[in-house]
Amino acid sequence: MPILVISDIHANQTALEAVLRDAGTVDEVWCLGDLVGYGPDPNQCVQIIRDLPHLTCLMGNHDAAVVGDIDIDAFNAEARQSIGWLKDQISAESLDYLRSLPASKMIGDVTLAHGSPRNPVWEYILDTRTARANFNYFSTRLCLVGHSHLPLFFHMNEGSDVMTPGLAEDHRVMTLNGRSILNPGSVGQPRDRDPRAAYALFDPEARTWEIHRVEYDILSVQGRIRDAGLPIRHALRLSEGW
């Protein structure tokens with residue numbers, strides 16, 4: 001069975017539950033961070049994640065902010081407002097769990113990081129220049145990252161210095177030859193103009209990577225965001241995936 005790879009849940013319980021239902025039975029779950037931030041369900045999402053069997057989970061930049069490891073002045077005004085609300089809502093139990101999470105981890109021939117192997121919590125890998133530089137910061141064949149909310153891939157072709165970048169399509173199975181940086185996209189706040197929750201299935205034996213998209217009840221999440229008094233932009237963007 002494959003490994004479920006998820007990232008950037010951002011306190012969106014409805015999207016997270018839809019992903020877990022859609023993915024079905026898996027061998028392991030690898031969560032690349034940002035369990036909280038932006039969304040209305042921080043404690044619920046932390047509890048769901050921590051209860052998953054065979055779990056490996058990392059700390060993201062929003063997780064780091066709520067536990068005090070990152071100055072919130074590094075975030076934009078709306079994100080700061082969300083983090084301020086989050087600090088009032090987060091339970092002591094959830095905080096303890098988030099504090100326990102590592103910034104990066106190596107599992108076999110795979111490096112896991114929220115942002116990048118060079119800067120695990122904060123750096124975005126969005127372009128070939130940044131990706132190429134980051135290949136020097138991990139020794140494994142693969143590196144899985146989140147943070148950008150985009151299901152991107154950067155393949156370094158075996159036996160050459162040629163890089164192939166792209167945005168992975170729904171249900172397209174990619175065979176992984178050579179070295180790659182891969183992003184499963186975002187569960188709770190996609191930003192590739194597709195509002196459906198995103199996740200990936202990784203088969204380390206077959207060396208395949210497959211992005212999946214799943215619809216969920218966006219209106220209910222938007223209603224909870226409004227009821228919580230969180231920035232309206234965080235509700236609106238869910239409908240269009242930006």
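Just so it is clear, the structure is predicted and the values come from calculations on it, not from any experiment.

The rules behind these values
- Residues numbered from 1 in each chain as written.
- Predicted model: local features only at pLDDT ≥ 70, side-chain atom pairs only at ≥ 80, totals over all residues.
- Heavy atoms only, no water.
- Helix = DSSP H or I, 4+ residues; strand = E, 2+ residues; numbered from the N terminus.
- Rg over C-alpha atoms; globule rule 2.2 N^0.38 Å.
- Buried < 20%, exposed > 50% of the residue type's maximum accessible area, 1.4 Å probe, protein only.
- Contact = heavy atoms within 4.5 Å.
- Phe/Tyr/Trp six-rings, centres within 6.5 Å; stacked < 30°, edge-to-face > 60°.
- Lys NZ or Arg CZ within 6 Å of the ring centre and 35° of its normal.
- Salt bridge = Lys/Arg side-chain N within 4 Å of Asp/Glu carboxyl O.
- Arc of directions from axis to C-beta.
- Pairing = 2+ DSSP bridges.
- Axes fitted to C-alpha atoms, helices over the stretch in contact; angles between N-to-C directions.

**What about the overall build of the chain?**
Stage number 1. In terms of helices and strands, the chain carries 8 helices and 12 strands.
Stage number 2. The C-alpha radius of gyration of the chain comes to 17 Å, within 12% of the 18 Å expected for a compact globule of 242 residues.
Stage number 3. Overall, the C-alpha framework of the chain stretches about 55 × 35 × 30 Å when taken along its three principal axes.
Stage number 4. Buried positions account for 56% of the 242 residues belonging to the chain.
Stage number 5. For the chain, long-range pairs separated by at least 24 residues make up 72% of all intrachain contacts whose partners lie at least 6 apart in sequence.

**Here we look at the packing of aromatic side chains**
Stage number 1. For the structure shown, the criterion picks out 4 aromatic pairs.
Stage number 2. Ring geometry for F135 versus F138: centroids 5.4 Å apart, planes at 40°, classification tilted.
Stage number 3. When its relative accessible area of 5% is taken as the criterion, F135 is described as buried.
Stage number 4. Across from the ring centre of F138, 4.4 Å away, lies the NZ or CZ of R179, which sits over that ring.

**Let's talk about the pattern of salt bridges**
Stage number 1. Summed over the entire model, instances satisfying the criterion amount to 11 salt bridges.
Stage number 2. D194 serves as the salt-bridge partner of R196, at 2.9 Å between the closest nitrogen and oxygen.
Stage number 3. Where D194 meets R213, a salt bridge forms, and the shortest distance between an N and an O atom there is 3.8 Å. Placement of the pair is D194 in the loop between β10 (179-182) and β11 (197-203) and R213 in strand β12 (residues 208-214), with a sequence separation of 19 residues.
Stage number 4. Residue D194 is classed as buried on the basis of its relative accessible area, which comes to 17%.
Stage number 5. Connected through shared salt-bridge partners, D170, D192, D194, R196 and R213 make up one network.

**Considering helix α2 (residues 42-50)**
Stage number 1. Within the sequence span of α2, burial applies to P42, C45, V46 and I49. Taken around the axis of α2, the buried residues stretch over an arc of 100°, which confines them to a single face.
Stage number 2. If you follow the buried residues of α2, they end up packed against β1 (3-6), α1 (13-23), β3 (55-57), α4 (77-89) and α5 (92-99).

**Observations regarding the sheet that holds strand β4 (residues 104-107)**
Stage number 1. The strand order across the open sheet built from 6 strands is β4-β5-β6-β10-β7-β8, with neighbouring strands paired in mixed fashion. The sheet is open, and its two borders are formed by β4 and β8 (163-167), each paired with just one other strand. Adjacent strand axes in the sheet meet at a mean angle of 15° when their direction is disregarded.

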